[in-house]
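Structure at a glance
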Amino acid sequence: MVTIKDHKTVKHPPQNTLLETIEQHQIEIQYHCREGYCGACRTKLTKGQVEYKTDPLAFIDDDEILPCCCFPISDIQIDIG
Amino acid sequence: MKYTTFNQVNNNPLIEPMFFGNPVNVARYDQQKHPIFEKLIEKQISFFWRPEEVDVSKDRVDFQKLSDSEKHIFISNLKYQTLLDSIQGRSPNIAFLPIISIPELETWVETWSFFETIHSRSYTHILRNLFGDPSSIFDDIVENKEIKKRAEDISKYYDDLIFATQLWQTLGEGTHTIKGETHIITMRELKKKLYLCMNSVNALEAIRFYVSFACTFAFAERELMEGNSKIIRLIARDENLHLTSTQHVLNLWAKGKDDPEMAEIAEECKEQATQIFLHAVEQEKEWAAFLFQHGSMIGLNKEILCQYVEFIANHRMSAIGLGQPFDIKNNPLPWMNNYLSSDNVQVAPQESEISSYLVGQIDSEVSAEDFGDFDL
């Protein structure tokens, strides 16, 4: 499950990137490249863990993730600001 | 310190700072102090493209259909982008290479600049198609008041760093009087100039292109100037990567992961860095006003474009720890994202109608007769 602060908690299908799941629920999130190199979708991860199948190139802080190329591996809480 | 093209000191590049350490000697990438730059090089090279492969011939017809105010918007933006890439095609090399101390960053800067030269060549490709003889367009770049104003602001941080570096390389630290002007050269001052310059470059890559991108993609939304839009999409993809690199440099400094003195300077000059960014935002808004002075275009006006600049600025500024100074929360031009997504840039040459693969291709015309033997 993915809990998005100030929005709702949604189910995450494992084949989706986190960004795709957020978009499927019509929650507005910024994105550009969708490949992890631009950082436009940078989001705070407040609880849980995600993994990357390709290395994210954009700068992210220790508590941030890139929804466009990450896959949750536990229930997570995020804040898309 | 005198620059040497091959530093004979057997130094360990893994403990050099990014800038102002020993000059680089061996161009080696088997070990890296900051592996991110090697990854950026790989990614950038995988983006390689040639302007001539994009068919812009239909744009010539579209261009004739544009209103005068739309022509003004289109051409002014191309002039401005030509200016930006003229500066970016040379300046990172001249300003940063003489003071870089790790090979992966040195090669990243060279790769980055090289791609800016592809962008410059693509503007000639676009303009030559539209005008036959585009010299008057290029000539105006050094005459146009609105463009010159920006040129001065962008190049001054580079020029300042380059001049100070030259003095340091030839005369060393100290107080130097050149043609009656006194210059105090200390390592601290040099690093400050570098910090401000990097912030100015970051702001350039972050927002200066986006007013122009928005106009290009607004034409494309109306199925106009699509060859141009394809090229600008490729340029936008590269610029996003360049921005990532300057964000990394600034954050490596600020978080104390490189030169500890640069972390102090980042703290000390935070206000100046913020002002550089905000000034660029103001200039881009003025640019929007200049573009729309003779009238708007469908789907875009000055107000919405200014909101978009603020929206983008919020994102870009928070990425380097400068907060989100503007109130705007929602993207006023959501369709822009479709054009900035790499999913929509053709990358596999064998795919579809392929702007990015055909070499010297001609046939872009499809007439009604081509469907003559179709039965539905």
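Read on for an overview of the structure. Because the structure is predicted, anything quoted here is derived from the model rather than measured.

When helices and strands are tallied, chain B shows 13 helices and two strands. Since a compact globule built from 376 residues should have a radius of gyration of about 21 Å, the 22 Å found for chain B is in line with a globular shape. In terms of principal-axis extent, the alpha carbons of chain B reach across some 80 × 45 × 40 Å. Taking all 376 residues of chain B together, the buried fraction comes to 56%. As presented, chain B carries roughly 16600 Å² of accessible surface, and 51% of it is formed by carbon and sulfur atoms. Separation between the mean location of the 36 positive side-chain charges and that of the 56 negative ones in chain B comes to 4 Å.

With that settled, the discussion passes to the pairing of strand S7 (residues 76-79) of chain A. Taken residue by residue, a regular strand's side chains alternate between the two faces of the sheet. Residues and elements named next belong to chain A. Of the two faces of S7, only one is covered, namely that formed by Ile76 and Ile78; the face formed by Gln77 and Asp79 stays uncovered. Note: strand S1 (residues 2-4) against S7, three bridges, orientation parallel. The residue bridging Val2 from the neighbouring strand is Ile76, located in S7. Pairing between strand S3 (residues 43-47) and S7: three bridges, direction antiparallel. Paired with Lys47 across the strands is Gln77, a residue of S7.

Note that Leu322 of chain B resides in the loop between helix H12 (302-319) and helix H13 (336-340). Considered as a pair, Leu322 of chain B and Val56 of chain B are 266 residues apart in the sequence and their alpha carbons are 40 Å apart.

Contacts between the two partners involve 29 residues from chain B and, on the opposite side, 16 residues from chain A. For the pair chain B and chain A, the summed buried area comes to about 2000 Å², and 47% of that belongs to carbon and sulfur atoms. On the surface where chain B and chain A come into contact, there are three salt bridges. Across the pair Lys43 of chain B and Glu35 of chain A runs a salt bridge, and its minimum N-O distance is 2.8 Å. Linking chain B with chain A are 15 residue pairs in polar contact (both at pLDDT 80 or more). Elements represented by at least two residues in the side of chain B that touches chain A include exactly helix H1 (35-46), helix H9 (226-254), H12 and H13 of chain B. Across the side of chain B that touches chain A, the residue classes break down as 10 nonpolar, 13 polar and six charged.

Parameters and conventions
- Residues numbered from 1 in each chain as written.
- Chains lettered and ligands numbered in written order.
- Predicted model: local features only at pLDDT ≥ 70, side-chain atom pairs only at ≥ 80, totals over all residues.
- Heavy atoms only, no water.
- Helix = DSSP H or I, 4+ residues; strand = E, 2+ residues; numbered from the N terminus.
- Rg over C-alpha atoms; globule rule 2.2 N^0.38 Å.
- Buried < 20%, exposed > 50% of the residue type's maximum accessible area, 1.4 Å probe, protein only.
- Areas by Shrake-Rupley, 256 points an atom, 1.4 Å probe, with all protein chains shown as cover.
- Lys, Arg positive; Asp, Glu negative; His and termini not counted.
- Charge placed at Lys NZ, Arg CZ, Asp CG, Glu CD.
- Pairing = 2+ DSSP bridges.
- Contact = heavy atoms within 4.5 Å.
- Buried area = accessible area lost by both parts, 1.4 Å probe.
- Salt bridge = Lys/Arg side-chain N within 4 Å of Asp/Glu carboxyl O.
- Polar contact = N/O pair within 3.5 Å; in protein donor to acceptor, adjacent residues only side chain to side chain.
- Nonpolar A, V, L, I, M, F, W, Y, C, P; charged D, E, K, R; others polar.

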